[in-house]
Amino acid sequence: MAVVTDTSNLIDVHEWRFTALTDIWTGDAYRRGDRLVRTGLLGSVRWWFEVVVRGLGGSACDPSDRWDRCPGPHQDPSGSSHRCVACELFGCTRWARKFRFEVTDPTGRPVVGAIRRNQEFILRFVPLRPVGREEWALLDLTLRLIAEYGAMGGRAVLKPSDEPARENRPHHRDYGLVRLEQTPSPPLVACCKEALREYVRGGRARQGGWRQVEQGNFAWASLQNFWCVKDRYLARQDTTYSSFNLVLGRKQDKSEKERKGKRIVRWSDLLEDPKDEVSRWLAGRRPGGEGDTGPASKKVLSFKSPQEGRRTFGFVKPDTVSFEEIKSRLKKVWQDFRPEEEFLTGEQILDDLCHQRGGSP
Ligand SMILES: [Zn+2]
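This report concerns the structure included in the present document. Residues take numbers from 1 onward in each chain, read along the sequence in its written order. A pLDDT threshold of at least 70 governs which residues receive local features in this predicted model, and a stricter bar of 80 or more applies before side-chain atom pairs are shown or counted, although totals over entire chains, interfaces and linings include all residues. Hydrogens and water are ignored here; the side-chain numbers use all heavy atoms of the structure.

### Here we look at the nonpolar core
Take the buried residues of types Ala, Val, Leu, Ile, Met, Phe, Trp, Tyr and Cys, join any two whose side-chain atoms come within 4.5 Å, and each joined set is a nonpolar core. Relative accessibility decides the category of a residue: with a 1.4 Å probe and only protein chains considered, values under 20% of the type maximum give buried, values over 50% give exposed, and everything between is partly exposed. Residues Leu41, Phe121, Leu123, Phe226 and Leu330 are the most contacted members of the largest nonpolar core, which totals 91 residues. Every residue pair with non-hydrogen atoms within 4.5 Å of one another is taken to be in contact. Setting aside chain neighbours within four positions, we find Phe226 in contact with Trp48, Leu145, Tyr149, Phe313, Gly314, Phe315, Phe323, Leu344, Thr345, Gly346 and Ile349.

Next up, the structure:
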């Protein structure tokens, strides 16, 4: 990378330009203000970055997890083995982020308020300290993963909702699809999958490697467990049938079961078989939880429109939910589904994303 001599013309700035195919949910950013948009988008980018890191065999903390975020207790964040590879780039307590993050429109003005469908926007990373070529490559891979196979947005995308009452609002679906229009210029230095793997695992000239995190609660959020089917969607067809709920293992009937104060419980909030571990996990029920309460982090997401971005994706959990189980659930709702051709695993996607870059150094 070129040496920066004039800070008014940072040539090491990296920009990815997108068009929003749907509105992008950045939580509270529906209130106006650019800080909230930035926070929401950066949180989402970091979340997927962690998915990539874990998928490559690395370890990444979840900064929203109270129990094991970096630095560890009694650890000094200036020692690299005291923070994980994601915190190295995105920062953690007492270790500043390596870049300034900006969300701008194509003319360079900050985006204020939520990003709407068809809006063009740029994610701009301005290095404040040296960012390694593997870090740029991982970031690039993450952003392409989001655009081609995932979705971008605030925590609403896959994190548990803080507000149960919101769960039935449509923000879990049809928000956050983006088309990647332009990657940084000049192009990033290509890194092959093996080089990235070695980097996230803390190999190559690193003393002590990265901090290894106890990933119990969120180890599933790894590209190794990711799957995606393009051009197909799951949805509610009417008040009595929902292919989405059928795949999650929830009841179909959307009618009201009961009201608890302001909170409405619908039959479709409940599982067909409350003891089915697979459905419990996919629908976001806590093990041993009381069924219809508690944070819901669904592990299947589906996007119908626009057709260009149509996709269904999700995660499995080794020992609880396998790719085969997901395929068989999808087969029940998509009669002509051909999993051998259409069902992509995270590993296949990783190969594809690395291959794209390998071809254009
Ligand atoms: Zn960390």
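### Looking at the coordination of the zinc ion
Only nitrogen, oxygen and sulfur atoms within 2.8 Å of the metal, or 3.2 Å for Na, K and Ca, are treated as donors, and water is left out, so sites may look incomplete. The zinc ion binds to the protein through Cys61 (SG), Cys70 (SG), Cys84 (SG) and Cys87 (SG); the donor distances cover 2.2 to 2.3 Å. In primary sequence terms, the donor set of the zinc ion follows C-x8-C-x13-C-x2-C. On the criterion of sequence distance, the pair formed by Cys70 in the loop between helix H1 (34–55) and helix H2 (85–90) and Cys84 in the loop between H1 and H2 is long-range, its members being 14 residues apart. We note that Cys70, like Cys84, is buried. Note on conventions: DSSP H or I runs of at least 4 residues are helices, E runs of at least 2 residues are strands, and numbering of each starts at the N terminus.

### Comments concerning the side chain of Gln252
Along the chain, the position of Gln252 falls in the loop between helix H5 (243–248) and strand E8 (256–260). The class of Gln252 is buried, set by a relative accessible area of 13%. Two N or O atoms form a polar contact when they lie within 3.5 Å of each other; inside protein one atom must be a possible hydrogen donor and the other a possible acceptor, and for residues adjacent in sequence the pair counts only when both atoms belong to side chains. Separated by 2.8 Å, the side chain of Gln252 and the backbone nitrogen of Ser242 make a polar contact. In contact with Gln252, not counting residues within four places along its chain, are Arg236, Thr239, Thr240, Tyr241, Ser242, Asn245, Leu246, Ser268 and Glu272.

### Things to note about the packing of aromatic side chains
The geometry of an aromatic ring pair comes down to the distance between the two centres and the angle between the two planes. For this analysis, a ring pair means two rings from Phe, Tyr or Trp (six-membered ring only for Trp) whose centres lie within 6.5 Å, classed as stacked if their planes differ by under 30 degrees, edge-to-face if by over 60, and tilted for the remaining angles. Going through the model one piece at a time under the given rule, you end up with 22 aromatic pairs. Note on Trp47 and Trp48: the rings are 5.2 Å apart at their centroids and 85 degrees apart in plane angle, and the pair reads as edge-to-face. Of the two residues examined, Trp47 and Trp48, each falls in the buried class. Taking 5.7 Å as the distance between ring centres and 15 degrees as the angle between the ring planes, the aromatic pair formed by Phe303 and Phe313 counts as stacked. Here the residue Phe303 occupies a position in strand E10 (residues 300–303), and Phe313 occupies one in strand E11 (residues 311–315), the gap between them amounting to ten residues. You can call Phe313 buried: its relative accessible area is 0%. Ring pairs connect the aromatic residues Trp47, Trp48, Trp220, Phe226, Trp281, Phe303, Phe313 and Phe315, which therefore count as one cluster. For Lys230, the ring lying beneath its charged end belongs to Tyr149, and the centroid distance is 4.7 Å. Counted as over-ring charges are cases with an Arg CZ or a Lys NZ within 6 Å of the ring centre that also lie within 35 degrees of the ring normal.

Distances and angles like these do not, on their own, reveal function.
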